[in-house]
Structure formats: C-alpha cells, structure tokens
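Below are the chains, spelled out letter by letter.
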Amino acid sequence: MNTLNNTAEELPISSYTKSTEWVHEVLESDQLSDAKQHYGRRRLSRGILVLFWGLRVYVAVMIFLVVLQIWNAFHVAK
Amino acid sequence: MSGHPFQSLDGSNRVTVEDVKRARDRLQVRRHRSAGRWWMVLWLLVGPGILVMLGENDGPSMISYATTGASYGIGFFLPFIALTFVMAFVVQEMTVRLGAATKRGHAELIHERFGRFWGFFAMADLVLGNLLTLVTEFIAVRAGLGFFGVPPALSVLGAFVLIVLIVSTQRYWTWERIVLSFAIFNLLFVPVAILAHPVSSEVVRSFFTWGPIAGGVTGGFILLIMSNIGATVTPWMLFFQQSATVDKGLTPADIRHGRIDTALGAVIAAVAAIATVLATTPLFLHHIDASNFEGADFAKALVPYVGNVGATLFALGLFEAGIVAAITISLSSAYAFGEVTNRPHSMNSSLREGWPFYAVLIAAAGIAAVLVLIPNAPLVFITLIVNVIATLAMPPAIVFLLLLVNDREIMGEYANRGLSNFFGIAVTVFLILAGIFYGIVTVFPHLLPS
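Residues numbered from 1 in each chain as written. Chains lettered and ligands numbered in written order. Predicted model: local features only at pLDDT ≥ 70, side-chain atom pairs only at ≥ 80, totals over all residues.

Caption draft 1: Structural context of the overall build of chain A. For chain A, the helix and strand inventory stands at 3 helices and 0 strands. Listing each helix as α and each strand as β along chain A from the N terminus yields α-α-α. Taken across its 78 residues, chain A has 19% of its residues classed as buried. (Helix = DSSP H or I, 4+ residues; strand = E, 2+ residues; numbered from the N terminus. Buried ≥ 20, exposed ≤ 12 C-beta atoms within 10 Å, placed from the backbone.)

Okay, here's the thing in structure tokens:
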C-alpha cells in the first residue's frame, strides 16, 4: 500500500495528525518552514567592501534626488 | 511561529500547515515526473515567471507602450521592446536559480548574508516604492473600468475586494492559478492590434532595420528609451519571483522548468507590449496628439480606427494590467516583510500562522486604493515621482542580485559561471546606467537636448 500517496490525496489536512513522515520525504530539509538554518553573514572581500561604501554613497545621492523630485513634482501638481 | 504544528512520529522537526500544503503540490510534481509526463510537470511548475513578466506589463507600462505607438508608430521601438524583454529574462532567470538553490527569498538572503541594515533597507525601499506603484495600478483599474461608465469608487473598491478574496484562498497553488487566468488577458491587446490593421511588411522590416525613428533622435526619444530600459526590470520583480519560486517549492531539479516559465512569460509579455504599440499606431498616422492622454483617453480615441470592440478590449486590457500588477506587487511587499522580520511568509500559511503576512499584503493594496479615492489626492504628484523612485531603487537591488548569484557558499554548483556572468553583468551594468541616467534627467530635464 502506498502510504505516501494515500496520506496526501485522501486525508484532509486537519487529519494529518498521525504521520508527517511523508512531508519529510517529499520536501527537502530546508523547505520545512521551521527547519531553516541561517546561512550567516558573508565574509566580504575588500572589493565588495568598497562596493558597499559606493552603495551607501549612492543611497544618499538617491535620497537627495528623490526629495528633489518630490519638491519639483509638488510644484508641478500645484 | 507555527499555529498548527503537526508532530512527526519521532518528535523531530515540526511540520506546519504551510509545509503540508507545499508537500501536496510537490507530490504531484514528483508523481508526474516519475511517470514521464513532461507536459504535466511543465503545467505544474510554470507560474512565477509568467506572473512576474505579465505583472511588469502593468497599467503605467501599457500606457507607456500606447504612448510609444501613438508618438512613433511602427519603427525602432518594436525590436527595442523585444530586446528589453530579453534583458528582463537574463535578470529574472538569476532569481529562479537563487530561489530554487537556496530556498530563500530575496530579502531574506540579503538580510542573512549582508546584515540587518541592508536587509531592512531593501525591504523598506521596496515597500515604499511598491506602495506608490500600487497607486498607479489602481489608477489604471479606475481608467479601464471608467471607459464602461463604472464609478471610480466602485471600480477601485471592487478591485480591492477581488484582491482580498484571491488572497483568502490561503493556498499558493489556487492563488497562482487564479492570477494566471487573469494575467493571460494581457493578450487582449493583440486583437486590438489586428483591428488597427498595421502594415505587416513594415512591422517585419522594423525588426531588421530598427527604424524608422519618427522625428529623429530628440530629447523626448532619449527619455522614452531610458524610461523603457529603466522599467524593464523593477525591484519588485526580483523580490517577487524569487520568493514565489520558494513559496511554490521549486528545487534545483526544477531550475530548467523555471527558466522555461520565465522565457514563456517574457515572450507573452513582449507580444502583448508590441501589440499595444501597434494598436495605437492609427493615432500616429492620423497625427493625434496623445502626449497628455491617460488610460481611458486611448480607448476613446481609438474608436474611429479599431471600432467599439477594439476600444472595449483596450479598456479591459488596461483593467487587467492594473489588477494583476496590484496583486503581484502587494504580494512582493508581504514576502519581503515576512522574510526580513522572520515571520511566516507564504500563501500556504493559515490565517492564524501568517496573519502579519496577510495583513501587510492587504494593507499595501488597501492604502493605495484609499489614496486613489481621496478627493483631490495628489495622484499626479505620485505618478511623477514613482518612476524616479523605481528606477533609482533598481541599482542596489540588482547589485545584491549579482553578489548573491555569484556567492558559491550558498549557490554551490548553481552559481553564475563564465557566460552567464558575462551576460548577467553586461545587462546589469546597462540597466544600472540607464536607470541612473533616467533618474537624473527626470529631476534635471534641462540636461537633455530639446
């Protein structure tokens, strides 16, 4: 008897109290919502650190441009 | 975190309602794959790619394509639009691999690998940009249904109720299939294009000659190119497709189908986009000034050339573009929120388990809907700034995408290699530069030649 298929097809979800083995068999371990392990922080090379500082500068400039555009748009919309 | 845990026999990892629903879907894939029914496997696995591409053909995009057709007719922009979808495929394919290999969403990976600051920045930036974009989607819904005389309040509230109903299925598979059935109506612009009777030989010639360019290379032409490039891939697309890939339960074994799904989406979306350009070429040929047209204006202006049927289809297409984008964009906000705050974030979550996720999704759509209905709300103001925010927010998102997809610690054998990195980096750099340029010239328009 194919317990795996019968469990999945014939029983409503609320009845899955007897066995969840089939879920463990079907899903990969890190697909289980409660079982994910964190990868941890990536070690950043010097190049990527420089890139991130560039991104920080970019974000600051981006915020300035957006505020400026909001200011321009405010006057156009008036 | 889990509201309805199911205890496994040996007391090991708890299994949630979300896990059980996802496992059910995966069991179907496994069964058909074992039986060699490739067509069923493909049917089961398509979804995120098609939805993200057709979601990107949102209200403002379709209006942009309509404006392009009305301003430039058949010529340069037909092959150019096709090229933009090729670039979109290159970028979006990376999100499929990321999601399938790591089983984590985009915001989740940024948060885990690069820290809290960048994780929360990515999420906040996305949610804010999405909120403003959602306003433009509800404007498109209002415009589309306004053609049929539907009062704005009824069309916007009706669209919001529809979004809530679809979300309430609490089942990723059901949600996906319902939205796909809406999204396919993006092809409504194809019969409108046929009714516009474009000259086939001119259409074919434009793909070989990339011309003509009506009016020559002007500041307006450059701006339209930059805005089209900048709108090719927007941040929500990266977050949505990767998270939906994870929510759907794709694994590395499904990457090939994920690529097919993304390619299918790009082709369908490109066909719809090009059809929209062709649909409005009668306005170009008859020298109708459509520069200030809004959504429903196009439908009304097309009546003499494509008939009432064509105009009706155009308006319905606009409604579809707005509603599908509203659904997918609000979901991308909810995914990012759940991933960064470490809460359940799945369309398979029960209401009890995932109430913050559903609350963010519904709130995102609800706030945008309310804004559209407020009398004298600054909608023009929002429309003017949303493009700038979306294009300027793209570079950080796409830089993180490239860093993550090249991270061999998490990607293993699925990391970018030589050729994929070449195309990935080339497209990324091109999109970043175009986006920055567009953002700058929008804020400082005098920099462009008149």
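Caption draft 2: Region of the structure containing the overall build of chain B. Counting its secondary structure elements, chain B contains 20 helices and 0 strands. Rg of the C-alpha trace for chain B: 22 Å, near the compact-globule value of 22 Å for 450 residues, within the 12% margin. In terms of overall dimensions, chain B has C-alpha extents of about 75 × 50 × 45 Å along its principal axes. Every one of the 450 residues in chain B was classed for burial, and the buried ones make up 57%. Taking contacts inside chain B between residues at least 6 apart in sequence as the whole, the part at least 24 apart equals 82%. (Rg over C-alpha atoms; globule rule 2.2 N^0.38 Å. Contact = placed C-beta atoms within 7 Å.)

Caption draft 3: Geometry of the packing of helix H3 (residues 48-56) of chain B against helix H16 (residues 295-341) of chain B. All names here are of chain B. At their nearest, the axes of H3 and H16 sit 8 Å apart, and the two run at 120° to each other. By the criterion of interaxial angle, the relationship of H3 to H16 is oblique. The handedness of the crossing between H3 and H16 is left-handed. Here Leu51, Val52, Leu54 and Gly55 of H3 come into contact with H16, specifically with Val324, Ala325, Thr328 and Ile329. Across the contact of H3 with H16, the residue classes break down as 6 nonpolar, 2 polar and no charged. (Axes fitted to C-alpha atoms, helices over the stretch in contact; angles between N-to-C directions. Parallel < 35°, antiparallel > 145°, perpendicular 65-115°, else oblique. Left-handed = near helix turned anticlockwise from the far one by under 90°. Nonpolar A, V, L, I, M, F, W, Y, C, P; charged D, E, K, R; others polar.)

Caption draft 4: View of the interface of chain B and chain A. Counting residues at the interface gives 45 residues for chain B and 38 residues for chain A. Among the elements of the structure, helix H1 (17-34), helix H6 (106-114), helix H18 (379-405), helix H19 (408-411) and helix H20 (418-443) of chain B are those that each provide at least two residues to the side of chain B that touches chain A. If you tally residues by element for the side of chain B that touches chain A, the top one is H18 of chain B, at 11 residues.

Caption draft 5: Seen up close, H3 of chain B. Taking burial as the measure, the 9 residues of H3 of chain B include 9 buried ones, the bulk of the element. Among all positions of H3 of chain B, only Pro48, Gly49, Ile50, Leu51, Val52, Met53, Leu54, Gly55 and Glu56 of chain B are buried.

Caption draft 6: Layout of helix H7 (residues 116-146) of chain B. Between its first and last C-alpha atoms H7 of chain B spans 44 Å; for 31 residues at 1.5 Å apiece the expected length is 45 Å, and the two agree. With 22 of 31 residues buried, H7 of chain B lies mostly within the body of the structure. (Expected span 1.5 Å × (residues − 1).)

Caption draft 7: Representation of the nonpolar core within the structure. In terms of nonpolar packing, the biggest core is built from 143 residues, with Phe138, Val192, Phe314 and Ala326 of chain B touching the most fellow members. Sorting elements by how many residues they give to this core places H16 of chain B first, with 26 residues. With residues up to four places along the chain from it excluded, the contact list for Val192 of chain B reads Ala275, Ala279, Val306, Gly310, Leu313 and Phe314 of chain B. Grouped together as the second largest cluster of nonpolar side chains are 10 residues, Val23, Val26 and Leu27 of chain A together with Val15 of chain B included. (Core = buried A, V, L, I, M, F, W, Y, C linked by C-beta atoms within 7 Å.)

Caption draft 8: Geometry of the environment of Arg41 of chain A. In this structure, Arg41 of chain A sits in the loop between helix H2 (21-26) and helix H3 (46-77). With residues near it in sequence (within four places) discarded, Arg41 of chain A still touches Arg113 and Gly115 of chain B.

Caption draft 9: Structural detail: the environment of Pro396 of chain B. By the secondary structure assignment, Pro396 of chain B is in helix H18. The class for Pro396 of chain B is buried, based on 22 C-beta atoms found within 10 Å. In this structure, the C-alpha to C-alpha distance between Pro396 of chain B and Asn130 of chain B, residues 266 residues apart in sequence, is 16 Å. Once residues lying within four places of it in the same chain are set aside, the contact partners of Pro396 of chain B are Leu55, Tyr58 and Val59 of chain A.

Caption draft 10: Representation of the packing of helix H4 (residues 59-72) of chain B against H16 of chain B. Residue and element names in this part refer to chain B. For the pair H4 and H16, the least separation of the axes is 8 Å and the interaxial angle reads 150°. When the interaxial angle is binned, H4 and H16 end up roughly antiparallel. For the pair formed by H4 and H16, the contact residues are Gly59, Met62, Ile63 and Ala66 on the first element and Gly295, Phe298, Gly317, Leu318, Ala321, Gly322 and Ala325 on the second. The residue makeup of the contact of H4 with H16, split by class, is 7 nonpolar, 4 polar and no charged.

Caption draft 11: The environment of Tyr358 of chain B, seen in detail. All names here are of chain B. Positionally, Tyr358 belongs in helix H17 (residues 351-373). The spacing of Tyr358 and Ser168 is 190 residues in sequence and 8.6 Å in space, taken between C-alpha atoms. Each residue touching Tyr358, except ones within four places of it in the same chain, is listed here: Val167 and Leu351.

Caption draft 12: Representation of the confidence of the model for chain A in the model. Residues and elements named next belong to chain A. Within chain A, residue pLDDT values average 75, and 73% of them lie at 70 or more. By mean pLDDT, the top-scoring element of chain A is H2 (89), and the lowest-scoring one is helix H1 (residues 3-10) (45). In the predicted structure, residues 1-11 sits below a pLDDT of 50 and forms 10 contacts with residues beyond four places in sequence or in another chain. (pLDDT = per-residue confidence, 0-100.)

Caption draft 13: Summary view of unusual backbone geometry. Residues and elements named next belong to chain B. Cis geometry is found at the peptide bond from Gly211 to Pro212, where omega equals -5°. With respect to the helices and strands, the residue Pro212 is situated in the loop between helix H11 (200-209) and helix H12 (219-230). With a phi close to 60°, Lys103 is a non-glycine residue in the positive phi region. The phi dihedral of Asn342 falls on the positive side, at around 60°, and the residue is not glycine. Mapping Asn342 onto the fold places it in the loop between H16 and H17.

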